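Listed below, chain by chain, are the residues.
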Amino acid sequence: MQMNAIDFESYELLQDEVCAQRIVAAKQKLGKRTVILAHHYQRADVYQHADLTGDSLKLSYLAAQTDADYLVFCGVHFMAEVADILSSPEQVAILPDLSAGCSMADMANLAKVERAWRELAEVLDPDALITPVTYINSSADLKAFCGEHGGIVCTSSNATKILQWAFAQREKVLFFPDQHLGRWSGHQMGLSLEEMPVWDFDEPMGGLTPEQIDKAKILLWKGHCSVHQMFQPQHILRFRNQHPDGLVISHPECSFEVCKASDFVGSTEYIINTIREAEPGTRWLVGTELNLVGRIAEEFKSQGKVIQFMSPMVCMCSTMARIDPQHLAWSLENLVDGRVVNQITVPEREAKLARLALEKMLAVSK
């Protein structure tokens, strides 16, 4: 067994086509011992090598079910953490590039959430009255916080169902880190905007009065996705003026105004399935990440469907794009030589608590 990992520098200048050939060769050598999971937002030259694809919820299920020795996650850091948490202790989760993070996830950290919990304790008993709900786009320690405090994890596929569960436990919810998903999901349940104030983690008491906290049903963390915030209502208005018969579909990480102006709102899996099941010849404006939109535009072109990216500006998940063919080839060829690089390991206590919150989510979502 090789003692030293192959240095990445020798891969940096490799052509993508060469990397693709080496990835295929490495996969053949590794066989069923290794599975590559890729999120829908992943770049095409990496996505093509995936064994399993999906949105966050689907990939959570898949990570829990696969029996491969190595789980190579072509996504971002929190996704590889979920794979490590839900897999068996013998399995190894790998992130080909450790710099593949999530700007939204970074908007909530454990210190800020614990401070919010302490501040809320000044006006009420949070453990008796508030269910913490974290979007899966968050670090493992925040999932562990939810597990420790009777909370749960959600995804964009199941957020409304998870909120229904949360309100069955306690009368309020602290929802982090994405305010837009929380707001849209609460709206779907009939909550007013006044019942869903934003908790500004840079302000004492979240910038809220005790009266606002008392009246709140959902306290929305002041976080957002840098990709989905690019979409604006005027993009939809322009599309409708140009194509009156066109349809608009958006991800719930978009702003409330964009979601309200859309014909359909849902997760990446929902977006794909809705367009797949639509009549041939339909035209769509899609408010989600560019790689996904480009992929489905090509997939459904033969059905006469025209699929258009919502923003006039190019906006993709730049951190996920850091997983490139060079890093994937590097991580796989190290495995061929018996060396694990970039293993993602969640500490045992943290993983145990996070698993509680994740397993609640998977049970509620069935």
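Structure first, text after, so check above.
Residues numbered from 1 in each chain as written. Predicted model: local features only at pLDDT ≥ 70, side-chain atom pairs only at ≥ 80, totals over all residues. Heavy atoms only, no water.

## Side note on the pattern of salt bridges
This model, assessed by the stated rule, comprises nine salt bridges. The salt bridge partner of Arg 349 is Glu 148, with a shortest N-O separation of 3.5 Å. Of the two residues, Arg 349 is situated in helix α16 (residues 348-365) and Glu 148 in helix α7 (residues 140-148); the sequence distance between them amounts to 201 residues. Among the residues examined, Arg 349 registers a relative accessible area of 58% and is labelled exposed. A salt bridge links Lys 222 to Asp 200; its shortest N-O distance comes to 3.5 Å. A residue pair is termed long-range when its members are at least 10 positions apart, and Lys 222 in the loop between β9 (218-221) and α11 (233-242) and Asp 200 in the loop between β8 (198-199) and α10 (210-215) qualify at 22 residues. (Salt bridge = Lys/Arg side-chain N within 4 Å of Asp/Glu carboxyl O. Helix = DSSP H or I, 4+ residues; strand = E, 2+ residues; numbered from the N terminus. Buried < 20%, exposed > 50% of the residue type's maximum accessible area, 1.4 Å probe, protein only.)

## Topic: unusual backbone geometry
Pro 177 follows Phe 176 through a cis peptide bond whose omega is 0°. Along the chain, Pro 177 falls in the loop between β7 (172-176) and α9 (179-188).

## Some thoughts on the pairing of strand β12 (residues 283-287)
Taking burial as the measure, the five residues of β12 include four buried ones, the bulk of the element. Sheet topology places strand β10 (residues 247-250) next to β12; four bridges connect them, and they run parallel. If you follow Leu 247 over to β12, its bridge partner there is Trp 284. Pairing between β12 and strand β13 (residues 306-309): four bridges, direction parallel. Paired with Trp 284 across the bridge in β13 is Ile 307. (Pairing = 2+ DSSP bridges.)

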